[in-house]
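# Notes for the structure review
Here is what each chain is made of, one letter per residue.
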Amino acid sequence: MKEAKYWEPLGDGRVRCKLCPLNCIISEGKRGSCKVRVNIGGRLYTLNYGKVSSIALDPIEKKPLFHFWPGSCAFSIGTVGCNMHCKHCQNWEISQADETFPYLQDATPEAIVKLAKHYECESIAYTYNEPTIWYEFVLDTAKLAKREGLYNVLVTNGYINEEPFRELAPYIDAMNIDIKAFNDEFYMKIASVPSGEPSRRTAEIAKKEFGIHVELTYLIIPTLNDREEEIRAFVRWVVSSLGNDTPVHFSRFFPHYKLLNLPPTPIETLEKAYKIAKEEGLKFVYLGNVPGHKGENTYCPRCGRLLIERWGFEILRYEIQDGRCKYCGERIPVVGYYKRKKYRGMWW
């Protein structure tokens, strides 16, 4: 347990958490919506500092990040809790849990950085559940990782207040931000928060003010956020607010958690979203959860040639030289590249 950052006393023993836009007002002995921030004696404490539920060595493409050091390894960690309660969450066992989750392990920022370097990972990814509600531990670890020459990656819903994000942002190199939908009704009914605007604002601040590499994921769920006009409005926001070179991942939904009544997303729906995005001027559009589909690949926006061929999270072909298309010289905004390397008998 550690005293939390970003809160204020309200009197009568109550406090207001100021970490995320929910701004929970929490009475003595009670918790915020995330389940891991508690009022004890009129002070706010975080219950998941240094509590790790998940550790893995992941290809960076799994985040998904297709334009940030492709081929590299991300030392991926997560904890418990989330400030959203999405009915389709694939990691609900940890995102909707608290500090009583039976498989938590204790860790320090120093231990995490040491392990990441031991396994020769290029970055640390804060992922699996929402890193925002692990804020204090992420901030401490990111600062240390930065000093040790590692990149920091957030896989996040972006639902964080501006002040805490601005403190964290200088230590973050890349983000994949999950835009749940482009209508507030979805956020209220499916994610249990009032609006998606704060997530969009986080993306804008990250890219335009701090120069963080930003990619977006939009999970297309049948009947809930798959209308053509909604997808078109989303893409237009990306182009106008983040730039037409921002990578967007349209991902396929599969029934999970509390949305078992809906079918998997038809491939045709994903392909239609891809077409819409291209029509609206997006240069780099990807389809997720469809291994082997050409929508996994990167193509030159000028000459149309195949530049990065992928199968799932594996790179099969790479045709970018010095940040440009090998064939026509078009600038391709891909940060770095690691050729596959063998480590203890495993290929990354």
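For clarity, every value in this text was computed on a predicted model and none was experimentally measured.

We now examine the nonpolar core. Ranked by internal contacts, the top residues of the largest apolar core, which has 79 residues, are I124, L216, F234 and F250. The element that contributes the greatest number of residues to this core is helix α3 (residues 135-147), accounting for seven residues. Split by domain, the residues of this core number at least three in each of domain 1 (2-46) and domain 2 (51-325). In this structure, F284, C300, I320 and V334 belong to the second largest nonpolar core, which totals 12 residues.

Below, the discussion takes up the UniProt feature "domain: Radical SAM core" (unreviewed entry) in the protein chain. When the UniProt feature table is mapped onto this chain, "domain: Radical SAM core" (unreviewed entry) is found at residues 68-287. Summarising residues 68-287: 38% helix, 18% strand, and an end-to-end C-alpha distance of 17 Å.

We now examine the packing of helix α7 (residues 228-242) against helix α8 (residues 267-279). Where α7 meets α8, the closest approach of the two axes is 9 Å, and the angle between their N-to-C directions is 40°. Judged by the angle between their axes, α7 and α8 are oblique. Note that α7 runs across α8; the crossing there is right-handed. Of the residues in α8, those touching α7 at E228, I231, R232 and V235 are K272, A273, I276, A277 and E279. The residue inventory of the contact of α7 with α8, partitioned by class, reads five nonpolar, no polar and four charged.

Let us look at the pattern of salt bridges. Counted by the stated rule, this structure contains 31 salt bridges. A salt bridge links E230 to R227; its shortest N-O distance comes to 3.3 Å. Ionic pairing is found between R317 and E319, a salt bridge with its closest N-O pair at 3.2 Å. Given the relative accessible area of 30%, R317 is considered partly exposed. Connected through salt bridges with shared partners, the residues E228, R232, R236, K272, E279 and E280 form a single ionic network.

Reading guide: rules and limits
- Residues numbered from 1 in each chain as written.
- Predicted model: local features only at pLDDT ≥ 70, side-chain atom pairs only at ≥ 80, totals over all residues.
- Heavy atoms only, no water.
- Core = buried A, V, L, I, M, F, W, Y, C linked by side-chain atoms within 4.5 Å.
- Buried < 20%, exposed > 50% of the residue type's maximum accessible area, 1.4 Å probe, protein only.
- Helix = DSSP H or I, 4+ residues; strand = E, 2+ residues; numbered from the N terminus.
- Domains from an automatic or database assignment.
- UniProt positions renumbered as here; feature names shortened; annotations may be inferred.
- Axes fitted to C-alpha atoms, helices over the stretch in contact; angles between N-to-C directions.
- Parallel < 35°, antiparallel > 145°, perpendicular 65-115°, else oblique.
- Left-handed = near helix turned anticlockwise from the far one by under 90°.
- Contact = heavy atoms within 4.5 Å.
- Nonpolar A, V, L, I, M, F, W, Y, C, P; charged D, E, K, R; others polar.
- Salt bridge = Lys/Arg side-chain N within 4 Å of Asp/Glu carboxyl O.

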